[in-house]
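Notes for the structure review
What follows is each chain in one-letter form.
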Amino acid sequence: MMKNAAILIVLCAMPAAAGAESWSSYRIPESGTSVDIPASVFTDEAGRPDGYGVQYRTGDGRADLTVQAVPNDGSSPAAFLARKNPPPGIIYQRVAPRFFVVSSTRRGKIWYDRCNFGSRYVHCVLINYPAVEKRQWDAIVTRISHTLSGG
């Protein structure tokens, strides 16, 4: 009984990201961009990015998620990324013919950007979350990244 109580206390103390059990699909009608988002984590709408899409944040403001689609001007993923002038010190970067992924840390937060290139639009997700919560966010970031698609 004591063991169960201890487990319950630990689970309740974990960040909201760990309990991302409520997912929904977000779709940008203009571009066909679609992605699964943890609706139980990103609860507040926080604005609109360039192009089409939406930005969400956690209720306490410690993390945010942007889903965005911009017209594809024919640039390669490498050229598109270079034009965005990412901050120095990228820790992870993968550039392929149809997508790129970059990630690093800045001011105590991990930032993660993935963009998939379709014929008409570039479909992107941008996620910022506390670096000290990396393990709790890994599964969430992976699911978001793997479900990003475009029409």
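Above this text you will find the structure in question.
Just so you know, the residues in each chain are numbered from 1, in the order the chain's sequence is written. The model is predicted, so local features are restricted to residues of pLDDT at least 70 and side-chain atom pairs to those at 80 or more, both for listing and for counting; the totals for chains, interfaces and linings are taken over all residues. Side-chain descriptors were evaluated using all non-hydrogen atoms of the structure, hydrogens and water having been removed beforehand.

**Thoughts on the pattern of salt bridges**
Salt bridges, as used here, are contacts in which a Lys or Arg side-chain nitrogen is within 4 Å of a carboxyl oxygen on Asp or Glu. Counted by the stated rule, this structure contains six salt bridges. Notably, a salt bridge pairs Asp36 with Arg143, separated by 3.3 Å at the nearest N-O pair. In this pair, Asp36 is assigned in strand E2 (residues 33–38) and Arg143 in helix H3 (residues 134–147), connecting sequence segments 107 residues apart. Here the term buried applies to any residue with accessible area under 20% of the maximum for its type, exposed to any over 50%, and partly exposed to those in between, with areas from a 1.4 Å probe on protein chains only. By relative accessible area, which is 34% here, Arg143 ends up partly exposed. Secondary structure elements are taken from DSSP: a helix is a run of H or I of four residues or more, a strand is a run of E of two residues or more, and numbering for both begins at the N terminus.

**So, the sheet that holds strand E3 (residues 42–47)**
A pair of strands is labelled paired if DSSP reports no fewer than 2 bridges between them. The seven strands lie next to each other as E3-E4-E5-E9-E8-E7-E6, forming an open sheet whose pairing is antiparallel. Only two strands of the sheet have a single partner each, and these edge strands are E3 and strand E6 (92–95). Between one strand axis and the next, the sheet turns through 20° on average, direction left out of account. Examined bridge by bridge, strand E8 (residues 109–117) and strand E9 (residues 121–130) share nine bridges and lie antiparallel to one another. Its bridge partner being in E9, Lys109 is matched across the sheet by Pro130. Across the face of the sheet, H3 comes into contact with E3, strand E4 (52–58), strand E5 (64–71), E8 and E9 while running at roughly 170° to E9. Between N-to-C directions, angles span 0 to 180 degrees; the directions come from axes that are lines fitted to C-alpha atoms, helices contributing only their stretch in contact. Whether two residues are in contact is decided by their heavy atoms, any of which lying within 4.5 Å being enough.

**Side note on the side chain of Arg114**
Mapped onto the elements, Arg114 comes out in strand E8. In this structure Arg114 is buried but unpaired, with Asp113 as the nearest side chain of opposite charge at 11 Å. At 2.8 Å, the side chain of Arg114 and the side chain of Asn116 are in polar contact. Those residues in contact with Arg114, other than ones at most four positions away along the chain, are Phe99, Phe100, Val101, His123, Cys124, Val125, Ser145 and Leu148. For this count, His and the chain ends are skipped, Lys and Arg are scored as positive, and Asp and Glu as negative. Each polar contact in these results corresponds to two N or O atoms within 3.5 Å; when the atoms are within protein, one needs to be able to donate a hydrogen and the other to accept it, and residues that are neighboring in sequence are counted only if both atoms are side-chain atoms.

**A look at H3**
What a helix is expected to span follows from its residue count: subtract one and scale by 1.5 Å. With 14 residues, H3 ought to run about 20 Å at 1.5 Å a step, and its terminal C-alpha atoms sit 20 Å apart, in line with that. Of the residues making up H3, those classed as buried are Trp137, Ile140, Val141, Ile144 and Ser145.

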